[in-house]
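Residues per chain, in single letters:
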There are 2 protein chains.
Amino acid sequence: MSGVTELVERVLAGEVRGLARAITWIENEDERGLELLDALYPRTGNAYRIGISGPPGAGKSTLVDTLTEHLLGQGSTVGIIAVDPTSPFTGGALLGDRIRMQSLGLRDGVFIRSMATRGGLGGLSRSAPSVAAAMDAFGLDYVILETVGVGQSELDIADAADTTVIVLVPESGDSIQAMKAGLMEIGEIFVVNKADREGADMTVQEIMSMLTLKNSSGGWDPPVLKTIASTGEGVLELAATITEHREFLETNGLLAERRRVHFVTQLREIVVAELEKDLYARLGDEAKLDSLVGDVSKGHRSPYKIAREVLDGITRDR
Amino acid sequence: MSGVTELVERVLAGEVRGLARAITWIENEDERGLELLDALYPRTGNAYRIGISGPPGAGKSTLVDTLTEHLLGQGSTVGIIAVDPTSPFTGGALLGDRIRMQSLGLRDGVFIRSMATRGGLGGLSRSAPSVAAAMDAFGLDYVILETVGVGQSELDIADAADTTVIVLVPESGDSIQAMKAGLMEIGEIFVVNKADREGADMTVQEIMSMLTLKNSSGGWDPPVLKTIASTGEGVLELAATITEHREFLETNGLLAERRRVHFVTQLREIVVAELEKDLYARLGDEAKLDSLVGDVSKGHRSPYKIAREVLDGITRDR
C-alpha cells in the first residue's frame, strides 16, 4: 500500500518524524495504519511498559518527567503516552501538558505523544497499546503510559502495562478511599507523592492496611514508596523498584504470560469494537430504528426481543 | 414456557413475591427471564424513573430513604434499585443497605432491590433498566435508581433515569472537583447534602460556577439545592424540583424522546453483550487462542490482523 513500506522503514530506522506520522496513522485506525501495524508488530517485544495512574492532582506528570530524566541519565530511551482528559471541566491539564512537552519533548532519547481519552472520563484510548507497539518497534527502551485514574482508565492501564504504578497524595476521607478501590486492586507499586505534606506517613499506613485486604498476586507484595516529584526525592528508589518488579516478572516467566493476556485483551477489544461499528451502522439509520423500536412512549416490545432480531440480521447480512 | 405466564399474571396483579421472583429471573438473563420481559414490556411506561448518584459518603442512601418516605406520604408507591459496590474495599456499604431494607422494605408501597454492580467500579448492572421495567409493569409510581458515582456508573444512570439527581457534600480540593466532572455533565438537579457542615454555601457556589461552563441542555438550568437528609430538611423541595423537571420534560415532549434514546442505548448494550458472549465462547478455547495468537513474547502478528480472522470466522459460523 502506498507509502506504508517506506514509513515502516523510517520507523525501524529510528527516524523521529517517521514515528510521529506512524502514530497518527495508527490512531486513525485506517487501512494504512493497520498495514503499518502488521509490519511493525513482529519487531516489538523489547520496550518495557510502565503504567502510571492516579487521581487528578496527584502530580503524575511531574513524576513521569523526573522518572524520565532519571532513565535518560542511565542512557535509556523513553516514550511517553500521556492521556489527556478531554472533559471541559479538567481542560486545564492540557496546557500543563503542552508546557511539559516543550521542556522534555525536544531532547534526544525521549518521545512524547498526547492522546485523547476514550470517553469523557479518562480511559486509555483503544489505540494506546498499538501506539506503544510502534514506539517499541522504533527502538525505545521504555514506554510510559500515563493516565488519570478515574473510572475505567485504571483497568485499561493495567491491561497495557508490564508494571503498574499508582500515584496518590497525602489526604484522608472515606469518600476518597472508596474511589481508590479500583486503584488498590491493580497497583503493583504505590507512590505517595508530595510526601512533604502533612499526613504522608499516615497515607502510607492507610494504603498498606488496604493492601492487606487484597489477595497477594503470585508472590509480589506491592511496596509503598514516598516521593517528592518536584525535587526528585524518591525517584531513584521508584526506578529501582520498577526494575525489581521487572526482574521478578522475568525470572518467574510471568512477563511473557502477562503480555500474552494483554494481547488477547486488546484483540478482544478490537473485535468487539468492529462488531459495534457494524451494529451502529445498522442501527444508525433513523428509519430503520423507528421500524425496529417502535413507539416506546406507549407500551412496547422488550429490548431483548428486538436485540434477537438485530442479531439475526447481522448473521444474515455479514 | 413453564411458569412464565403464571408469573406474568402475578406481577401484573401486584403480587410482591411475584415481582421479587420476576426480578431474579430477569437478573439471570435466562430464557424464562427474556420471555417474561417480552410479556411485561408492553405494560410499562407509567413509572417515573429517578436516578440518584454521587460519590461514596455523600449520604445518598439516607436521602433516598427520606425522599421515599415523602413520596409514600403523598400516596405514591416506590421501587428502589440500590446498586451495591462489590469491591472488597467498599464492602461496608452492604451492611448499611441491609439495615436500611429492614426499616423501609417491609412497609406497604415500597419495594427495595439491591443489585450487584457491573464490575468492581460501581456501574449500574446491565439488567437494571429491565428490573425497572418489571417494577413499572408491577404498577409502582416511582422507580429510584441509586448508584455510587464512580467512573462509568454516572453515565449508566443518566442512560436509565428520567431525572438524574447528583448528591454532593461540602468539601473542596482540586482532585475531588476533577472527579466530579462526569457528574457535572449529567446532573439535572444537584443536591448539596449534609448542608449543616461548614462550606455548604461555598460548595453550592462552586457547583453553580462549574455549571456555567456547561452548555444549557435544551432550556433546563440544573438547580442546586441544599438538604440535610438525616433530618429531612430540604427533601420536600427536592421532591418538588423533581416534579418540576418531570413537567418540563412532559410539556416539551422531551420525556418520550428521552425514553426512546434510553431504550436504544439499552438495545445496543444487549446486542453488543450478545456479540461479546459469542466472541468469548470463540476465544475461550485455549488451544484455539494459541493457534490464533501465537507466541507473543517473540515478535508477533498485529492484533488487528488476527481480529480480522476472528471476524471472518464469526461471519462464517454464526
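Q: If you had to explain the environment of Met135 of chain B to someone new, which residues and values would you point to?
A: All names here are of chain B. Looking at where Met135 falls in the secondary structure, it is placed in helix α6 (residues 128-138). Using a count of 29 C-beta atoms within 10 Å as the deciding quantity, one classes Met135 as buried. Separated by 57 residues in sequence, Met135 and Val78 place their C-alpha atoms 8.9 Å apart. In this view, Met135 contacts Ala47, Gly79, Phe111, Leu140 and Val143; residues no more than four positions away in its chain are not counted.

Q: Describe the pairing of strand β6 (residues 189-192) of chain A, naming the residues involved and giving the relevant values.
A: Residues and elements named next belong to chain A. Residue alternation in β6 divides its side chains into two sets, Ile189 and Val191 and Phe190 and Val192, and both sets are buried. Bridging between strand β5 (residues 163-168) and β6 involves four bridges; their strand directions are parallel. If you follow Leu168 over to β6, its bridge partner there is Val192. In the sheet, β6 pairs with strand β7 (residues 224-226) via three bridges, with the strands oriented parallel. Looking at β7, one finds that Val192 is bridged to Lys226.

Q: Could you give an account of the pairing of strand β1 (residues 48-54) of chain A, with specific residues and numbers?
A: All names here are of chain A. Counting buried residues along β1, seven of its seven residues qualify, which places the element largely inside the surrounding structure. The side-chain alternation of β1 yields two buried faces, one formed by Tyr48, Ile50, Ile52 and Gly54 and the other by Arg49, Gly51 and Ser53. Alignment of β1 against strand β4 (residues 142-148), held across seven bridges, turns out to be parallel. When the bridges of β4 are listed, Gly54 appears paired with Val148. Of the pairings in the sheet, the one linking β1 to β5 comprises four bridges and is parallel in character. Of the residues in β5, the one forming a bridge with Ser53 is Ile166.

Q: Can you tell me about helix α4 (residues 60-73) of chain A, naming the residues and giving the values?
A: Residue and element names in this part refer to chain A. With 14 residues, α4 extends 20 Å between its outermost C-alpha atoms, agreeing within 8% with the 20 Å of an ideal straight helix rising 1.5 Å per residue. Among all positions of α4, only Lys60, Thr62, Leu63, Val64, Asp65, Thr66, Leu67, Thr68 and Leu71 are buried. One or two residues past the end of α4 sits Gly75, with phi positive at roughly 90°.

Q: A description of unusual backbone geometry should follow, citing residues and the corresponding values.
A: Trans is the prevailing form of peptide bonds, just as negative phi is the prevailing case for residues other than glycine. Backbone geometry at Lys194 of chain A places phi at a positive 55°, although glycine is not the residue there. Within the element layout of this structure, Lys194 of chain A appears in the loop between β6 and α10 (200-212).

Q: Break down helix α1 (residues 4-12) of chain A for me, with residues and values.
A: Residues and elements named next belong to chain A. Those residues of α1 lying buried are Leu7, Val8 and Val11. The buried residues of α1 occupy one face: seen down the axis, they fall within an arc of 105°. Away from its buried face, by an angle of more than 90 degrees, α1 presents the exposed residues Thr5, Glu6 and Glu9. Of the surrounding secondary structure, the elements contacted by the buried residues of α1 are α2 (16-28), α3 (31-40) and α6 (128-138). Residue Gly14 follows α1 closely and has a positive phi angle near 80°.

Q: I'd like to hear about the nonpolar core, residue by residue, with values.
A: In this structure, Ala134 and Leu145 of chain A together with Ile81, Ala134 and Leu145 of chain B are the most contacted members of the largest nonpolar core, which totals 154 residues. With residues up to four places along the chain from it excluded, the contact list for Ile81 of chain B reads Arg113, Met115, Ala128, Val131, Ala132, Val143, Leu145 and Glu146 of chain B.

Q: Describe the confidence of the model for chain A, listing the residues and the values that go with them.
A: All names here are of chain A. Model confidence for chain A is summarised by a mean pLDDT of 79, while 75% of its residues fall at 70 or above. Counting contacts from residues 86-96, a segment whose pLDDT is below 50, to residues more than four positions away or on other chains yields 18 contacts. In the predicted structure, residues 119-123 sits below a pLDDT of 50 and forms 21 contacts with residues beyond four places in sequence or in another chain. Both scores are given for the predicted complex: the pTM is 0.68, the ipTM 0.72.

About the cut-offs
Residues numbered from 1 in each chain as written. Chains lettered and ligands numbered in written order. Predicted model: local features only at pLDDT ≥ 70, side-chain atom pairs only at ≥ 80, totals over all residues. Helix = DSSP H or I, 4+ residues; strand = E, 2+ residues; numbered from the N terminus. Buried ≥ 20, exposed ≤ 12 C-beta atoms within 10 Å, placed from the backbone. Contact = placed C-beta atoms within 7 Å. Pairing = 2+ DSSP bridges. Expected span 1.5 Å × (residues − 1). Arc of directions from axis to C-beta. Core = buried A, V, L, I, M, F, W, Y, C linked by C-beta atoms within 7 Å. pLDDT = per-residue confidence, 0-100.

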